[in-house]
Amino acid sequence: MIEIKHLSKTFDTAAGQVAALQDVSLSINDGDIYGIIGMSGAGKSTLVRCINMLERPTEGQVIVNGQNLGTLTPAQLRAARRDITMIFQQFNLLMQRNCLQNVCFPMELAGVKKAEAQKRAIELLELVGLPDKAKAYPAQLSGGQQQRVAIARALATDPKVLLCDEATSALDPTTTHQILSLIKEINKKLGITVVIITHQMSVVKEICSHVAILDGGVVAESGLVSTVFSAPKSAAARRLVFPGAVDEKISDPLQEQRVRLVFRDSKITGVPLVARLASEHGIMANVISASTQAISEEVYGSMLLGIPKGQLTEAREFLSAFPNIQYEEVGEHV
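Thresholds applied
- Residues numbered from 1 in each chain as written.
- Predicted model: local features only at pLDDT ≥ 70, side-chain atom pairs only at ≥ 80, totals over all residues.
- Heavy atoms only, no water.
- Helix = DSSP H or I, 4+ residues; strand = E, 2+ residues; numbered from the N terminus.
- Buried < 20%, exposed > 50% of the residue type's maximum accessible area, 1.4 Å probe, protein only.
- Contact = heavy atoms within 4.5 Å.
- Areas by Shrake-Rupley, 256 points an atom, 1.4 Å probe, with all protein chains shown as cover.
- Pairing = 2+ DSSP bridges.
- Axes fitted to C-alpha atoms, helices over the stretch in contact; angles between N-to-C directions.
- Core = buried A, V, L, I, M, F, W, Y, C linked by side-chain atoms within 4.5 Å.
- Parallel < 35°, antiparallel > 145°, perpendicular 65-115°, else oblique.
- Left-handed = near helix turned anticlockwise from the far one by under 90°.
- Nonpolar A, V, L, I, M, F, W, Y, C, P; charged D, E, K, R; others polar.
- Polar contact = N/O pair within 3.5 Å; in protein donor to acceptor, adjacent residues only side chain to side chain.
- Lys, Arg positive; Asp, Glu negative; His and termini not counted.
- Salt bridge = Lys/Arg side-chain N within 4 Å of Asp/Glu carboxyl O.

1. Regarding the overall build of the chain
So, point 1. Counting its secondary structure elements, the chain contains eleven helices and 14 strands.
So, point 2. Taken across its 334 residues, the chain has 48% of its residues classed as buried.
So, point 3. Here the analysis covers contacts within the chain between residues at least 6 apart in sequence; of these, 69% occur between residues at least 24 apart.
So, point 4. Approximately 16000 Å² of the chain is accessible, and the part contributed by carbon and sulfur atoms is 51%.

2. Details of the sheet that holds strand β7 (residues 161-165)
So, point 1. Here six strands make up an open sheet; going across it, the order is β6-β7-β8-β3-β9-β10 and the pairing mixed. Two strands bound the open sheet, and with one partner strand each, they are β6 (84-88) and β10 (218-224). Taken pair by pair, the neighbouring strands of this sheet meet at an average axis angle of 15 degrees, ignoring direction.
So, point 2. Where β6 and β7 come together, five bridges link them in parallel fashion. Bridging from a neighbouring strand, Ile87 pairs with Cys164 of β7.

3. Here's the deal with the sheet that holds strand β1 (residues 2-13)
So, point 1. Pairing is antiparallel across the open sheet formed by four strands, whose spatial order is β2-β1-β4-β5. A strand with exactly one partner marks an edge of an open sheet, and here the two such strands are β2 (16-28) and β5 (67-68).
So, point 2. In terms of strand pairing, strand β4 (residues 59-64) meets β5 through two bridges, oriented antiparallel. Residue Ile63 lies in a different strand from β5, and its bridge partner there is Asn68.
So, point 3. Lying on the sheet, helix α1 (residues 44-51) is in contact with β1, β2 and β4; it crosses β1 at an angle near 120 degrees.

4. Here we look at the nonpolar core
So, point 1. One finds Ile87, Ile151 and Phe229 to be the most contacted residues of the largest nonpolar core, which totals 53 residues.
So, point 2. Formed by 29 residues, the second largest nonpolar core is a distinct cluster that contains Val24, Ala42, Ala80 and Met86.

5. What to know about the packing of helix α3 (residues 99-109) against helix α4 (residues 114-127)
So, point 1. Packing of α3 against α4 leaves a shortest axis separation of 9 Å and a crossing angle of 120 degrees. Compared by their axis directions, α3 and α4 come out oblique. Both α3 and α4 take part in a crossing whose hand is right-handed. Contacts between α3 and α4 involve Cys99, Leu100, Val103, Cys104 and Met107 from the former and Ala117, Gln118, Arg120, Ala121, Ile122, Leu124 and Leu125 from the latter.
So, point 2. Within the contact of α3 with α4, the residues separate by chemical class into ten nonpolar, one polar and one charged.

6. Some points on the side chain of Thr175
So, point 1. Assignment of secondary structure puts Thr175 in helix α6 (residues 173-190).
So, point 2. At 2.9 Å, the side chain of Thr175 forms a polar contact with the side chain of Asp172.

7. A word on the side chain of Glu256
So, point 1. Following the sequence through the fold, Glu256 ends up in strand β11 (residues 256-263).
So, point 2. An unpaired buried charge is present at Glu256: no salt bridge exists, and Arg258, the closest side chain of opposite charge, is 6.0 Å distant.
So, point 3. Within the structure, the side chain of Glu256 is placed 3.4 Å from the side chain of Asn286, a separation counted as a polar contact.

8. A word on unusual backbone geometry
So, point 1. The phi dihedral of Phe91 is positive, around 75 degrees, even though this residue is not glycine.
So, point 2. Its place among the elements puts Phe91 in the loop between β6 and α3.
So, point 3. With a phi angle near 50 degrees, Glu166 is a residue other than glycine that sits in the positive phi range.
So, point 4. Along the polypeptide, Glu166 turns up in the loop between β7 and α6.

9. As for the packing of helix α5 (residues 143-154) against α6
For any two helices packed against each other, one specifies the crossing angle of their axes together with the interaxial distance.
So, point 1. Where α5 meets α6, the axes come as close as 10 Å, and the angle between the chain directions of the two elements is 20 degrees. The orientation of α5 with respect to α6, classified from their angle, is roughly parallel. The interaxial crossing formed by α5 with α6 has right-handed handedness. Contacts between α5 and α6 pair Gly144, Gln147, Arg148 and Ile151 from the former with Thr175, Gln178, Ile179, Leu182, Ile183 and Ile186 from the latter.
So, point 2. Here the contact of α5 with α6 is built from residues that sort into five nonpolar, four polar and one charged.

10. Description of the environment of Gly310
So, point 1. If you trace the backbone, Gly310 turns up in the loop between β13 (298-308) and α11 (312-320).
So, point 2. Along the chain, Gly310 and Thr13 lie 297 residues apart, while their C-alpha atoms are 54 Å from each other.

11. A look at the pattern of salt bridges
So, point 1. Under the counting rule described, the total for this entry stands at nine salt bridges.
So, point 2. One salt bridge connects Asp158 with Arg120, and the closest N-O pair in it is separated by 2.8 Å. With a gap of 38 residues between them, Asp158 in the loop between α5 and β7 and Arg120 in helix α4 connect regions that are remote in the sequence.
So, point 3. One salt bridge in this structure joins Glu280 and Arg276, with 2.9 Å as the shortest N-O distance. On the criterion of helical spacing, the pair formed by Glu280 and Arg276 is a turn pair, its members being four residues apart in helix α10 (residues 273-281).
So, point 4. Each member of the salt-bridge network shares a partner with another, and the members are Lys9, Arg49 and Glu55.

Nothing here speaks to function; it is all geometry.
As C-alpha cells, then:
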C-alpha cells in the first residue's frame with residue numbers, strides 16, 4: 001500500500017516561495033491502478049516525484065509497503081526504489097544502447113550477473129510484445145515501441161509499484177490505447193500497483209479504478225472513477241468532466257433553472273424524459289447539452305436542461321422519482 005499523509009512541497013523561487021502541494025493525503029491499495037489527474041500546474045508531477053523521493057516533501061510522509069521513505073538512509077532509499085520504478089513521457093532510453101542493453105541496465109546497477117540479466121531482459125521484451133527488437137536501437141523504434149522498452153526496463157527489478165508520469169502524452173490515440181492495454185495486462189498478470197499521472201480524462205476512464213483530482217496543489221476530489229466522473233462534486237472535477245461554459249444565447253439563467261441529470265443505468269437512457277416532461281406535465285425543457293461516456297467498462301449519460309423557473313418544483317418531483325438518475329440544480333456557471 002502507498003500512503004501519502006499530509007504531504008506538502010514548497011519551492012523557493014526568485015519571486016518567493018511557491019506551494020506546489022498542500023496537505024495532500026491519499027491511500028493507494030496494493031494492485032490498484034490509481035489515476036492522478038489535473039490541469040497543467042496542478043502539482044501532479046511534483047506529487048509522483050515525491051512518491052519515490054526524487055523530490056523531498058517539505059512536510060508530510062510517504063509510506064510504501066510500511067516503509068516511511070523520508071526516514072531512510074541514501075543506501076536504504078536506493079534499495080527501496082528498486083520496488084518503485086517509473087516511466088516517463090519522453091521514454092528516457094539510453095540512445096547508445098540497444099533494447100536488450102536498455103532493459104539490462106537497471107539489473108547491471110543492482111549487481112545482477114550478465115547472463116541472468118540478459119535472460120530476464122529477453123523475457124521482459126517478450127512480455128511487452130517486442131521479442132524481435134532486442135538488437136534494435138531506440139532511434140529505430142516508433143514512440144509506442146520505445147515506451148514498451150521503457151516499460152520492460154521498469155519491470156527489470158521486479159518492482160511492486162509502477163509510476164507513470166504522463167507516459168502516453170507523446171503518443172497518438174491508437175498507440176495510447178495499446179500502451180494502456182499493456183499496462184492493464186501487466187497489472188493483472190504481475191499484481192503491480194500502478195499510479196498514473198495524466199491530464200487526459202480518457203486515460204483515467206479507460207484504465208483506472210480510482211482517481212484523485214489535483215487543483216492548485218490540493219486534492220479537490222478523490223474516489224472511484226465511476227463515482228467521480230459520473231457525478232463530480234468539486235469545481236475542479238466539474239471543469240474536467242463538463243468543460244466549457246454555457247452560452248447565454250442557449251440558456252437564459254434569468255428565465256430558466258439549469259438542471260443536470262446523470263444517468264447511472266443504461267436502461268434509463270431509453271426513457272424519453274424530455275418528451276414526457278412536455279406531454280405529461282406541459283414543461284418545455286430546453287436541452288442545453290447531452291452526452292454519454294464509458295467509465296470503467298460501463299456507460300454513463302449526462303444531460304443539462306433548462307427548466308422554466310415557474311415549473312421547477314413539478315419538474316423536480318418528476319425527475320427525482322427515477323432511482324437511477326442523479327438530479328442536481330446547478331448555478332449560472334456550469
